[in-house]
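Here is what each chain is made of, one letter per residue.
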Amino acid sequence: RRVLDIGSGSFYGPALMAKKANSVLGIESNRAAVLQAKLTWLSVRNLHCRQGDNLSAVAGHFGLVSIINVIEHIPPGHAMDFLRVAVEHLDSNGLLILATPRDRSKSNAGRFENPDHQVEYSENTLSALIRTADLRVKHRYIQTMTEIKPGGEQNVHFEERAWFIWVLKRAA
């Protein structure tokens, strides 16, 4: 498969994916991170590191689009548009992997753990966003500090740090 990784950071994840994928295009807005990644991952021939934040400028379709620990940094009013543009890059049978921390603000006196987060999602709010972006959940996982298991919020204590990892497809 061809892979598009959005918000690649240090490009560690895309470099791992490149071991199995035909090609991986990683997009990161931080110019310094992209320059460092191009040096760090020079030997990974099928990994392409690109700087930018305009997904509309990315050409082609991909069998897999990954958005890992990114959507929580996007203002709530823009998250749906962001997802819709990402979905436009999926090929007809493509999958989208979305990972994001679970909202624990109720157990943190109304604050997000990371002050850089614009929003954190509960399972219900994330489900609503996914439906609005014309996606459906194929597989649903919850990750804690010690394990990844199938299912949702009901599988972890409400104060426990956890991340949603959802595998999504186009709704239609």
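**What to know about the layout of surface pockets**
Its boundaries defined by the atoms lining it, the largest pocket holds a volume of some 280 Å³. Lining the largest pocket are 14 residues, and of these Ile 6, Ser 29, Gly 52, Asp 53 and Phe 82 sit closest to its centre. Residue assignment for the lining of the largest pocket shows that the elements contributing at least two residues are β2 (23-28) and α3 (76-88). Its residues assigned to classes, the lining of the largest pocket comprises 7 nonpolar, 5 polar and 2 charged. Its volume calculated, the second largest pocket comes out at about 150 Å³. As for the second largest pocket, its lining consists of Arg 102, Asp 103, Arg 104, Ser 105, Lys 106, Ser 107, Ser 122, Glu 153 and Phe 158. When its residues are assigned to classes, the lining of the second largest pocket shows 1 nonpolar, 3 polar and 5 charged.

**Details of the nonpolar core**
Residues Val 65, Ile 67 and Leu 96 are the most contacted members of the largest nonpolar core, which totals 34 residues. Listed by contribution, the elements that provide at least two residues to this core are β1 (2-6), β2, β4 (62-68), α3, β5 (90-101), α4 (123-132), β6 (135-143) and β8 (163-170). Here this core takes 6 residues from α3, the largest share from any one element. Ignoring sequence-local partners within four residues, the contact set of Ile 67 consists of Ile 6, Phe 82, Leu 83, Ala 86, Leu 96, Ile 97, Leu 98 and Ala 99. Within the second largest apolar cluster, 14 residues are counted, among which are Phe 11, Ala 18, Val 24 and Val 44.

**Description of the sheet that holds β2**
With respect to topology, 8 strands assemble into an open sheet ordered β3-β2-β1-β4-β5-β8-β6-β7, the strand pairing being mixed. Each having just a single partner strand, β3 (47-51) and β7 (148-150) make up the two edges of the open sheet. Put simply, the sheet's adjacent strands are angled 20 degrees from each other on average, direction ignored. By the bridge criterion, 3 bridges tie β6 to β7 in an arrangement that is antiparallel. Looking at the pairing, Tyr 141 lines up with Pro 150 of β7. Contacts from α3 reach β1, β4, β5, β6 and β8, with the element oriented near 145 degrees to β5. Strands β5, β6 and β8 of the sheet are contacted by α4, whose axis makes an angle of about 20 degrees with β8.

**Details of the pattern of salt bridges**
Two side chains carrying opposite charge are able to pair once their charged atoms lie near each other. Taken as a whole, this structure holds 2 salt bridges when the rule is applied. We note a salt bridge from Arg 140 to Glu 123, for which the minimum N-O separation is 3.1 Å. With Arg 140 in strand β6 and Glu 123 in helix α4, the pair connects residues that are 17 residues apart, well separated along the chain. A residue is classified by how much of its surface remains accessible, and Arg 140, at 28% relative accessible area, is partly exposed.

**Observations concerning the environment of Gly 77**
Structurally, Gly 77 is set in helix α3. It is 24 Å that separates the C-alpha atoms of Gly 77 and Gln 51, two residues lying 26 residues apart in sequence.

**Digging into the packing of aromatic side chains**
This model, assessed by the stated rule, comprises 2 aromatic pairs. When the centroid spacing of 6.2 Å and the interplanar angle of 55 degrees are considered together, the rings of Tyr 12 and Trp 41 count as tilted. Of this pair, Tyr 12 sits in helix α1 (residues 12-17) while Trp 41 sits in the loop between α2 (31-40) and β3, placing them 29 residues apart in sequence. Over the aromatic face of Phe 62 sits the side chain of Arg 2, whose NZ or CZ is 4.3 Å from the ring centroid. A cation sits over an aromatic face here: Arg 140 above Trp 166, 4.4 Å from the ring centre.

Reading the values: rules and limits
Along each chain, the written sequence defines residue order, and numbers are assigned to residues from 1. Restriction of local features to residues with pLDDT of at least 70 applies here, the model being predicted, together with a cutoff of 80 or more for giving and counting side-chain atom pairs; totals for whole chains, interfaces and linings are based on all residues. The basis for every side-chain value is the complete set of heavy atoms in the structure, and neither hydrogens nor water enter the calculation. Lining residues are defined by having an atom within 4 Å of a point belonging to a cavity or pocket. Those points lie on a 1 Å grid over the protein atoms alone, cavities being sets where a 1.4 Å probe fits but cannot get out and pockets being open sets with protein on both sides within 12 Å along at least five of seven lines. Grid points are joined across faces, edges and corners, and a volume is the space filled by probe spheres set on the points. Elements are defined by DSSP. Helices are runs of H or I of four residues or more, strands are runs of E of two residues or more, and each kind is numbered from the N terminus. The classification used treats Ala, Val, Leu, Ile, Met, Phe, Trp, Tyr, Cys and Pro as nonpolar, Asp, Glu, Lys and Arg as charged, and all other residues, Gly among them, as polar. The definition of a nonpolar core used throughout is a set of buried Ala, Val, Leu, Ile, Met, Phe, Trp, Tyr and Cys residues joined through side-chain atoms within 4.5 Å. Only protein chains enter the calculation, and the probe is 1.4 Å; a residue is then buried if its accessible area is under 20% of its type maximum, exposed if over 50%, and partly exposed in between. In this analysis, two residues are considered to be in contact whenever any of their non-hydrogen atoms come within 4.5 Å of each other. Two strands are said to pair when DSSP picks up at least two bridges between them. Angles run from 0 to 180 degrees between N-to-C directions of axes, and those axes are lines fitted to C-alpha atoms, restricted for helices to the stretch in contact. Put simply, a salt bridge is a Lys or Arg side-chain nitrogen that is within 4 Å of an Asp or Glu carboxyl oxygen. Centre distance within 6.5 Å is the pairing criterion for rings of Phe, Tyr and Trp, where only the six-membered ring of Trp is used; planes under 30 degrees apart are then read as stacked, over 60 as edge-to-face, and the remainder as tilted. Cation placement over rings: the criterion is NZ of Lys or CZ of Arg within 6 Å of the ring centroid and within 35° of the ring normal.

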